[in-house]
Amino acid sequence: MKRKFLIFILAFFILSFFILRTNNPVKDRLNNCQNLKSSSEKLQCWEDLIDSKINSKDIEGAFEIVEQLYKDDPVFVSNCHDFVHLIGQKTYQLFSENQKFNLPNKTAYCGYGFYHAFMEALVNDGADLNKARQFCDWVDQKMHSKNADVKGACYHGIGHGTADNHDTKKWKDEADLVDNALDLCEQVALDQVLLNRCSSGVFNVLAIAYFSNRLKMDSKDPLWFCRKFQNDIYQKTCYEEMNTALFVLSNKDFLRAAKFIAEIKKDEFATSAMRSLASVFGVSAVQSEDFEKIISGCRQLQARLRLSCLRGFAAGFMEGGSPGTEYEKALKYCQINILTEQEKAACFEELLWLSSINYPKEKHQTICNLVDNEFRKYCQ
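The structure presented is a predicted model; accordingly, all values stated were derived computationally and were not measured.

(A) How the structure looks around the state of the cysteines. On inspection of all chains with the given rule, the structure shows eight disulfides. For cysteine 33, the disulfide goes to cysteine 45, at an S-S distance of 2.0 Å. Judged by the torsion about the S-S bond (-75°), the cysteine 33/cysteine 45 disulfide is left-handed. Remark: cysteine 45 occurs in helix H3 (residues 39-55) and cysteine 33 occurs in helix H2 (residues 25-34); sequence separation between them is 12 residues. Overall, the relative accessible area of 0% leaves cysteine 33 in the buried class. Each sulfur of the disulfide joining cysteine 226 and cysteine 238 lies 2.0 Å from the other. Disulfide cysteine 226-cysteine 238: torsion about the S-S bond near -70°, hence left-handed.

In structure tokens, the structure reads:
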């Protein structure tokens, strides 16, 4: 009798497991989306599915769909930033209505677009920027142990939201776009670090305005506006955020874009701008493994820029990597044999620093254990 009872219990659990696996409405809907023929139909299907999760206040479920689609479909990869924008915008609606929701440790996915859209919606809604600061504090309190950069990313979103005025008729020139937004950054940021991140969001909008033709970019001297700033923080973040504009201006030709960075006189600004430029090219190359071409390109630059170039590609691979396993492509890149010891050291220093701020301690330690002993000093 006892044996029959145990067999019954075992059969019950096996049957329950089978039912749970086969009765998965999200998986079924994802499969339905994948079976659609055109990219536009897929995109709409994915948007509807993510919408359904957000409408039920399941923000984590929405990000889980993002994570799965990023791994499964290259069409989604190129549109991922737009989808996390959608999640950010919809989440702000819940926030503005004082509805309760949980944020997962996945809001960094696809270039932190979640925070861009959340803050754009907040600003466009006419909300007090104190609410923006409170939201960033809440996010940091909730997720700092899992992502040390989350507060900075949130402040980047504030800058992005304050600058991105969708009424382009109000944008007479570059100063008209950034001046008011930078003033607001100074009001909301309580220290220089947060001012740096907020202003980076402002200049990110300027770069987008350039490559979307909402403002005309000087193709011969695209960095002229950055040189006008006396404030070192603004000049530095301006140079850094022009990476996407230079990416488009150069028609995705890295060495052509790098020539403009080489003209920056101050080494501190030039090296940080080069790292930033290389990172956006790294994001675009994340599906490729032509590491030798990348390394060769960095080695053709001025000596002062070579290591920051190599570091930037590692950062780009991390930013554009598959959600949850972003480090894998960067690790493979840093381990390639043609790198000199100095180049490997720079590459691993970048990779392990980003790992330490983007992942929980346990996962960061796991990544450290994959690195040769001589480079584990950068794990600290």
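(B) Spatial organisation of the nonpolar core. Tyr115, Phe313 and Tyr333 are the most contacted members of the largest nonpolar core, which totals 128 residues. With 10 residues, helix H11 (residues 192-211) is the largest single contributor of residues to this core. When residues no more than four places from it in sequence are discounted, the contact partners of tyrosine 333 are Phe291, Ile294, Ile295, Leu310, Phe313, Ala314, Phe317, Leu339 and Cys347.

(C) Just the packing of H3 against helix H4 (residues 59-72), in detail. Where H3 meets H4, the closest approach of the two axes is 7 Å, and the angle between their N-to-C directions is 155°. Taken together, the axes of H3 and H4 lie roughly antiparallel to each other. Relative to H4, H3 is oriented so that their crossing is right-handed. Where H3 abuts H4, its residues Trp46, Leu49, Ile50, Lys53 and Ile54 lie against Ile59, Gly61, Ala62, Ile65, Val66 and Leu69.

(D) A look at the packing of aromatic side chains. All chains considered together, the criterion is met by 29 aromatic pairs. A centroid spacing of 5.4 Å and a plane angle of 70° characterise the contact between phenylalanine 95 and phenylalanine 135, whose relative ring orientation is edge-to-face. You can see phenylalanine 95 sitting in helix H6 (residues 80-96) and its partner phenylalanine 135 sitting in helix H8 (residues 129-143), a full 40 residues away along the chain. The class of phenylalanine 135 is buried, set by a relative accessible area of 1%. Put simply, the rings of Phe63, Tyr92, Phe95, Phe101, Tyr109, Tyr112, Phe114, Tyr115, Phe118, Phe135 and Trp138 touch in pairs and so form one group of aromatic residues.

(E) Looking closely at the pattern of salt bridges. Tallied over the entire structure, the rule returns 17 salt bridges. The partner of lysine 266 in a salt bridge is aspartate 232, with the nearest N and O atoms 3.5 Å apart. Note that lysine 266 is positioned in the loop between helix H15 (254-262) and helix H16 (267-284) and aspartate 232 in helix H13 (residues 232-241), a separation of 34 residues in sequence. Salt bridges linked by common partners bring Arg275, Arg311, Glu349 and Glu350 together as one network.

(F) Looking closely at the side chain of threonine 244. Its location among the elements puts threonine 244 in helix H14 (residues 243-249). Setting aside anything within four residues of it in sequence, one finds threonine 244 in contact with Ala207, Phe211 and Val280.

(G) Highlighting H8. Its 15 residues give H8 an end-to-end C-alpha distance of 21 Å, which sits within 8% of 21 Å, the value for a rise of 1.5 Å per residue. Within the sequence span of H8, burial applies to Leu129, Ala132, Arg133, Phe135, Cys136, Val139, Asp140 and Met143. Down the axis of H8, the buried side of the element spans an arc of 160°, and every buried residue falls inside it. Exposed positions of H8 whose direction lies more than 90 degrees from the buried face are Gln134 and Gln141. Looking at the buried residues of H8, the elements they touch are H6, helix H7 (109-124), helix H9 (150-163) and helix H10 (174-188). At the N-terminal boundary of H8, the capping side chain belongs to aspartate 128, with an oxygen 2.9 Å from the backbone nitrogen of asparagine 130.

Criteria and cut-off values
- Chains are numbered independently. Their residues run from 1 in the order of the written sequence.
- Residue-level local features of this predicted model are given only where pLDDT is at least 70; pairs of side-chain atoms are given and counted only at 80 or more, and the full residue set underlies all totals for whole chains, interfaces and linings.
- Where side-chain values are given, they derive from all heavy atoms of the structure, hydrogens and water being excluded.
- For this text, the term disulfide refers to a pair of cysteine sulfurs within 2.5 Å.
- Labels follow the DSSP assignment, with helices taken as runs of H or I lasting at least four residues and strands as runs of E lasting at least two, numbered in each case from the N terminus.
- Summary of the burial criterion: residues with accessible area below 20% of their type's maximum are buried, those above 50% are exposed, and those between are partly exposed, where the area comes from a 1.4 Å probe applied to protein chains only.
- Nonpolar core, defined: a set of buried Ala, Val, Leu, Ile, Met, Phe, Trp, Tyr and Cys residues in which side-chain atoms within 4.5 Å join the residues together.
- Any two residues whose heavy atoms approach within 4.5 Å at even a single point are treated as in contact.
- To obtain each axis, a line is fitted to C-alpha atoms, and for helices this fit is confined to the stretch in contact; angles are then taken between N-to-C directions over 0 to 180 degrees.
- Should an angle fall under 35 degrees it is called roughly parallel, over 145 degrees roughly antiparallel, and 65 to 115 degrees roughly perpendicular, with every other angle called oblique.
- Handedness of a crossing is defined here by the sense of rotation of the near helix relative to the far one, left-handed for an anticlockwise turn of less than a right angle and right-handed for a clockwise turn.
- A pair of Phe, Tyr and Trp rings is counted when the ring centres sit within 6.5 Å of each other, with Trp represented by its six-membered ring. The angle between the planes then sorts it: under 30 degrees is stacked, over 60 is edge-to-face, the rest tilted.
- Just to be clear on terms, a salt bridge is a Lys or Arg side-chain nitrogen sitting within 4 Å of an Asp or Glu carboxyl oxygen.
- In this analysis, the expected span of each helix is defined as 1.5 Å times one less than the number of residues it contains.
- Picture the helix axis, draw a direction to every C-beta atom, and the arc is the one those directions span.
- Counted as a polar contact is a pair of N or O atoms within 3.5 Å, where, for protein atoms, one must be capable of donating a hydrogen and the other of accepting one, and residues adjacent in sequence contribute only when both atoms are in side chains.

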